Every structure is written in C-alpha cells, then in structure tokens.
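# Structural overview
Spelled out, the chains give:
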Amino acid sequence: YFANTSFLEQVATFSSIDILVAPHGAQNIGVGFMPKCGGLIELFSQGIHFPNYFGSLAHDSGIEYMQYYVSDSTFQVDREEKGHSFKRGLYRNDICPKPQD
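Residues numbered from 1 in each chain as written. Predicted model: local features only at pLDDT ≥ 70, side-chain atom pairs only at ≥ 80, totals over all residues. Heavy atoms only, no water.

Before going further, it helps to examine unusual backbone geometry. Phi is positive for C37, which is not a glycine, with a value near 70°. Take C37: it is sitting in the loop between strand 1 (19-23) and strand 2 (39-44). (Helix = DSSP H or I, 4+ residues; strand = E, 2+ residues; numbered from the N terminus.)

Written as structure tokens, this is what we have:
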C-alpha cells in the first residue's frame, strides 16, 4: 500500500486514523503518527506471536494497544519489560466456521 507513497503522505495517512486494525507487520510502524487517544489492534495468525511487539511504541505514542491471537492453540506469555511483569494468556479465538463433515 505504501510502496509508491512519500514519507509525508504516509504520515498524513496515519495521522488521520483513529483506530487501526492490522495484522502483525512492518506497516504498524506508523502508529507513532496516529492521533493521541487512538488505538492499534494487532492481529496474529496461528504460530506467530510477538507479545507487545508494537505495544511499547503504541503506549509511548499515547495510543491504546490490544493484541488478538487467532489459532486453535493457546500461548502463555510470561516476561518482564521496563521493570514490569506481564502474565497474559492468549487463547484461541474461533472466527471462522468449522468445516462440516
């Protein structure tokens, strides 16, 4: 989407977004240009999970952050960041209908 756009056009795009729902990826680096009190909902597909990868950038930019993991399995996240402990379970979220036998 941004392949042929200038940096200023990219900044203008992100500065006009209140809530961004996007899969995990480099495109989320623009959240630093979103308006304060905006939000990022980062989606992770099965087998891919980087806890709070863009969460720190979102937090430092003054926007809300949420991650959503879509899979048939569960991740348990235990880690420390900036002196804070995080314990969070990411549970399977069935958003697609199951195939009928």
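When pLDDT is averaged across the protein, the result is 77; 68% of the residues are at 70 or more. Model confidence for the protein, summarised as mean pLDDT per element, is weakest for strand 5 (residues 84-90) at 47 and strongest for helix 1 (residues 7-15) at 93. Across residues 84-93, where pLDDT falls below 50, the model places 37 contacts with residues more than four positions away in sequence or in other chains. (pLDDT = per-residue confidence, 0-100. Contact = heavy atoms within 4.5 Å.)

Let's shift gears to a nonpolar patch on the surface. A cluster of nonpolar side chains, contributed by F7, L8 and F33, occupies part of the molecular surface with about 350 Å² of accessible area. Mapping L8 onto the fold places it in helix 1. Residue L8 is classed as exposed on the basis of its relative accessible area of 65%. (Patch = residues over 30% accessible without salt bridge, like charges linked within 9 Å, V, L, I, M, F, W, Y side chains within 5 Å. Areas by Shrake-Rupley, 256 points an atom, 1.4 Å probe, with all protein chains shown as cover. Salt bridge = Lys/Arg side-chain N within 4 Å of Asp/Glu carboxyl O. Buried < 20%, exposed > 50% of the residue type's maximum accessible area, 1.4 Å probe, protein only.)

What holds strands together in a sheet is hydrogen bonding between their backbones, with the strands either parallel or antiparallel. Across the sheet, which stays open at both edges, the three strands sit in the order 1-2-3 with parallel pairing between neighbours. Only two strands of the sheet have a single neighbouring strand rather than two, namely strand 1 and strand 3 (64-69). The mean angle between the axes of side-by-side strands here comes to 15°, regardless of whether they run parallel or antiparallel. For strand 2 and strand 3, the ladder comprises six bridges, and the chain directions are parallel. Its bridge partner lying in strand 3, I41 is registered against M66. (Pairing = 2+ DSSP bridges. Axes fitted to C-alpha atoms, helices over the stretch in contact; angles between N-to-C directions.)

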